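Geometric and topological summary
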Amino acid sequence: MGHIGQMTHLRVGTGCGDEGTRAAAPFEGEDAMGLVGREQETALLRALLVSSRRLVAVIGPAGAGKSALLDAVAAAPPDDSEIWTVDLGGTPAAAMVSAEIATRLALGGRAVDPRERIAERIGASAVTLFLDHLDSVVAAPAELRLLLDACPRLRIVVTARGEIEGADEEVLVRPLEVPDEGMSLDRALRCASVALFADAAARSDAGFALDAENHGSIIRICRLVGGLPLALELAAARIRLFSPERVADDLADGGPALALLRTARDGREVGVGHALAATVGALSDDDRRMLRSLALFERRFSFAGAVDVSGRAAGETADALERLLDLRLLESAPPLFGEPVFTLLPILRSVLLDLPGDPRAEAAYRGRLARVLHEAADAQAHAEPPSHRAFAHVLRHDLLHEGERLIARRDALAHGWVLECAAALEGTAEVTLVSDQLERLIATADLDSLPVMLRAQTWIWSAYGFAMSADGATLADLVNDRWQRGFDLIDVERTPLLALQALMIAVIMGITTGDMPAAVQAARVGSRLAREHACATWAARFDVWVAAGIHADGDAPGAVHLALDALRHAQRVGDPYSILTATILLRTVPPQVVPPDAAVPTLADALHLARSEHDPVMEWFILAVMTRAELAAGHPERAAHRCAERLSTGRSWWGSYLSAISLVHTVFIAVAVEDWAFAARILGAIEADRERVLRSMAPASTHELDQARTLLVAQLGESRVATITAEGGILSAVDATAEALRWLRAHSEESPAAPASGDGLTAREREVLALLAEGLSNRQIAERLFITPKTTMHHSSAIYRKLEVRSRAEATAYAHRHGLAETRVE
């Protein structure tokens, strides 16, 4: 086993005398820490990714920047292999690495062994799997070798704190070089650890500067934390509140909190533990308790969730979150319908979970999950907009883990919880994981003892889960049997909403499995039932699918008439789902069939609506229509961009009918740019499963594919087309999709975009920024502007995102630099 840093005699992590170091952001995690003095390690890792090494370990102490190294290479890969990144941080110690990978990548399927599920998804593709924080999983190295044996073209790169047994090569990531005691200011400025601290401190406090007065304390800080980037960032974050001398003294004095996380250097304990513990230890008792409570959330959480688990008033919570953001203990995520959303950095969460928990906070957390889940499931049953389930999607990992906990405890609530998860997460990639949970309950529960409605829902959602799996088209008989078994238990007159819900699931299942006639039949029954029970939204949804069936039968004018009626109906009742499906249909039929005065939303408006509603399936369909529109307009490169965008945003659906549509479009695009051989290869993959692929597409697609084949024969000859299509025919759907995505990216061109103007801040956001720059708290800003603290947090999050800053301090510095601190607030 080679130690790359030693073999090439490179001094990994040195920084003194290096020019042009880039600033690092705090913490080791996705998009969190930049690279400082890591040019050599980056070059080495990139070289290994095009070598014969299949298991590469990036090793070094926590906080050294291993995750950042992976992120940098993933952002600019050395070849065209797919890169999948899985962060194993926070994984239970007893977890098996293959099972955790399959869970994190949402890989469902019939295979019980997770290695088989991973192998099925990878197929013959060249894939590089980045596994971050491998230390979290027991007995991982042996499992990784088994996984590599199962996937001949798989390469694995892991990060860990110690050596990985059996690794082909190791890239050593050591702490940055620290300055000598008494080093001059000029020499200190050329040392990477000092340069990193100085840059981070300036970002925390715009007035900070490294000078002859403070450089001795900063040298001391760098030595006390051992040159670890994470530790330096956290120590620098305190500069806004304390002098460098005070920070150095705190690090030297230690205290109870310093035992949280430690690393050793030259026989003494230094590094992440000192900086992280000092930062957490410096918090007030209330803020420390809040931070521990926020660690209950698996990943993202909303402002309302923070209020719930902290038990504090909204204004107090907003101010506390602001302080934690400023200290880089939290990250701000894009807001959701005006609600601020946050992420607790994984490395901090794993440390906080070792602290004693608060039973009241844990009860509040589970109560929050239950409310969000019930509201989302109820919204799905009542055909409310997808946005009404968005907060359940934010907490989807928490909901799934709570389901696992209830199942493991054989809790009586487990069955109802999993069924509500199926409804709440319908349309997401996680539905396959819910399906796995449901199948385990079916195998172990006495279904006859359940209430009739629960039994009906069990079979219906089980059918849906199988239909949405990668091999759903091959399970049509099982899917239909389970759905029928459930529907037969429903009393339509007493529970019409359940019946309507089941019929819409039947529509989706029919489309997914390629059985369009069955989907249309379910839509007709649903439309009639919705009208009988005065369920206007359900009626609009079913009407669009009936129109789709009429279109599939070749009656475009009749389909347009019904779709326009459904669109007007949907607009009256305010149902985004029906508006989107009707728009998709009306933008798919020949333009001359649609009346010129019909008020049909544009595709750009539809895409915006789908994204604002957080409806990934509708987004996929709209991107498919946009692909066809660009082709029709004579812009194949733009069509390639839309098609690639579609595939890139939904890897979990590869192999399903959704990606099959993109394969058909890829053939049309390849023909348009005259890449005859590639068009023939993907055509072969389609023809191997032609019936299933085309049954869920517009009628014209069959004729167009036949025309494409005729053109290919004219260009390449019958014999060559037969040879190439035969080669394409042996590709799995996943492999064909991976090839298509690589080709599409290579032939893509984005549509011209309107130039950005200014900083993009609204008038209200400028007012909030000015008050932030004055040093007002969220509560004070809310009082000044007559808004709520939550709205203030929403504006702050939007300001940070638009200005590309990460804290109040950085936003304040931006305001002063650009003259925004003087905005007049009435």
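Residues numbered from 1 in each chain as written. Predicted model: local features only at pLDDT ≥ 70, side-chain atom pairs only at ≥ 80, totals over all residues. Heavy atoms only, no water.

A count of helices and strands for the chain gives 41 helices and 11 strands. In the chain, buried positions account for 58% of the 826 residues. Counted over contacts in the chain with a minimum sequence separation of 6, partners at least 24 positions apart contribute 72%. For the chain, the exposed area adds up to about 33000 Å²; of that, 52% sits on carbon and sulfur atoms. (Helix = DSSP H or I, 4+ residues; strand = E, 2+ residues; numbered from the N terminus. Buried < 20%, exposed > 50% of the residue type's maximum accessible area, 1.4 Å probe, protein only. Contact = heavy atoms within 4.5 Å. Areas by Shrake-Rupley, 256 points an atom, 1.4 Å probe, with all protein chains shown as cover.)

With that settled, consider unusual backbone geometry. Backbone phi values are negative for most residues with the exception of glycine, while trans is the configuration of most peptide bonds. In the Ramachandran plot, A383 falls in the positive-phi region, its phi being about 60° despite a non-glycine side chain. If you trace the backbone, A383 turns up in the loop between helix 17 (359–381) and helix 18 (390–394). Looking at A383, the relative accessible area reads 2%, which means it is buried. Its identity is not glycine, yet E674 carries a phi of approximately 65°, on the positive side. Examined against the element boundaries, E674 turns out to sit in the loop between helix 32 (657–672) and helix 33 (676–687).

Here we have three strands laid out as an open sheet, ordered 9-11-10, and antiparallel in their pairing. Lying at the two open borders of the sheet, with one neighbouring strand each, are strand 9 (300–302) and strand 10 (330–336). On average, each strand axis in the sheet is inclined to that of its neighbour by 35°, with strand direction left out of account. In the sheet, strand 10 pairs with strand 11 (residues 339–344) via five bridges, with the strands oriented antiparallel. If you follow A333 over to strand 11, its bridge partner there is V341. (Pairing = 2+ DSSP bridges. Axes fitted to C-alpha atoms, helices over the stretch in contact; angles between N-to-C directions.)

All chains considered together, the criterion is met by seven cavities of 30 Å³ or more. Taken as a whole, the largest cavity encloses approximately 390 Å³ of empty space. Considering the residues around the largest cavity, the lining is formed by 29 residues, among which R389, E426, G427, I508 and Y577 are closest to the centre. When contributions to the lining of the largest cavity are tallied by element, the ones reaching two or more residues are helix 17, helix 22 (452–468), helix 24 (496–512), helix 26 (536–552), helix 30 (616–632) and helix 32. Partitioning the lining of the largest cavity into residue classes produces 18 nonpolar, six polar and five charged. (1 Å grid on protein atoms, 1.4 Å probe; cavity = no way out; pocket = protein on both sides within 12 Å on 5 of 7 lines; lining within 4 Å. Points joined across faces, edges and corners; volume = space filled by probe spheres on them. Nonpolar A, V, L, I, M, F, W, Y, C, P; charged D, E, K, R; others polar.)

Core analysis: the biggest nonpolar cluster contains 135 residues, and L294, L321, W483 and V507 have the highest contact counts within it. Counting residues per element, this core draws most heavily on helix 24, at 12 residues. With near-sequence residues (within four places) excluded, V507 lies in contact with A519, A522, A523, F542 and W545. Within the second largest apolar cluster, 40 residues are counted, among which are L69, I83, L228 and A248. (Core = buried A, V, L, I, M, F, W, Y, C linked by side-chain atoms within 4.5 Å.)

Moving on, we get to the pattern of salt bridges. Enumeration over the complete set of coordinates arrives at 31 salt bridges. Salt-bridge contacts for E404 lead to R440; the nearest nitrogen and oxygen are separated by 2.6 Å. Remark: R440 occurs in helix 21 (residues 431–444) and E404 occurs in helix 19 (residues 396–408); sequence separation between them is 36 residues. Overall, E404 belongs to the partly exposed group, its relative accessible area being 31%. A relative accessible area of 36% places R440 in the partly exposed class. Residue E718 is joined to R709 by a salt bridge in which the shortest nitrogen-to-oxygen separation is 3.9 Å. Under the relative-accessibility criterion, E718 is labelled partly exposed at 49%. Residue classification places R709 among the partly exposed residues on the basis of a relative accessible area of 23%. When salt bridges that share partners are traced, they join R611, E619, R642 and E645 into one network. (Salt bridge = Lys/Arg side-chain N within 4 Å of Asp/Glu carboxyl O.)

With that settled, the discussion passes to the confidence of the model for the chain. Summarising the model, the chain shows a mean pLDDT of 81, and 84% of its residues fall at 70 or more. Low pLDDT, under 50, characterises residues 1–34; the predicted model gives this stretch 112 contacts beyond four residues in sequence or across chains. (pLDDT = per-residue confidence, 0-100.)

On to helix 39 (residues 778–785). Every buried residue of helix 39 is accounted for by N778, I781, A782 and L785. End-on view of helix 39: buried residues confined to an arc of 100°, all on one side of the axis. Of the residues flanking the end of helix 39, it is F786, one or two places downstream, whose phi is positive at about 60°. (Arc of directions from axis to C-beta.)

Moving on to the packing of helix 17 against helix 19. Their axes nearest at 11 Å, the elements helix 17 and helix 19 cross at an angle of 110°. With respect to each other, helix 17 and helix 19 are oriented roughly perpendicular. In this structure, helix 17 uses Y365, R366, L369 and L373 to contact helix 19, whose residues at the interface are D398, L399, E402 and R405. Here the residues of the contact of helix 17 with helix 19 are counted per class, giving four nonpolar, no polar and four charged. (Parallel < 35°, antiparallel > 145°, perpendicular 65-115°, else oblique.)

This next bit is on the packing of aromatic side chains. Counted by the stated rule, this structure contains seven aromatic pairs. Here F297 and F301 contribute two aromatic rings whose centre-to-centre distance is 5.1 Å and whose plane-to-plane angle is 20°, an arrangement assigned as stacked. Judged by relative accessible area, F297 falls into the buried class, the value being 1%. On the accessibility criterion, F301 (0% relative accessible area) is buried. When the ring of W461 is compared with that of Y464, the centres are 5.3 Å apart and the planes differ by 90°; the resulting orientation is edge-to-face. A residue pair is termed a helical-turn pair when its members lie 3 or 4 positions apart in one helix, as W461 and Y464 do in helix 22 at three residues. There is no split in this pair, since W461 and Y464 are both buried. Cluster of aromatic residues (ring-pair linked, three or more members): F297, F301, F342 and Y365. A cation sits over an aromatic face here: R485 above W459, 4.2 Å from the ring centre. Its end group placed over the ring of W538, R541 keeps NZ or CZ at 5.8 Å from the ring centre. (Phe/Tyr/Trp six-rings, centres within 6.5 Å; stacked < 30°, edge-to-face > 60°. Lys NZ or Arg CZ within 6 Å of the ring centre and 35° of its normal.)

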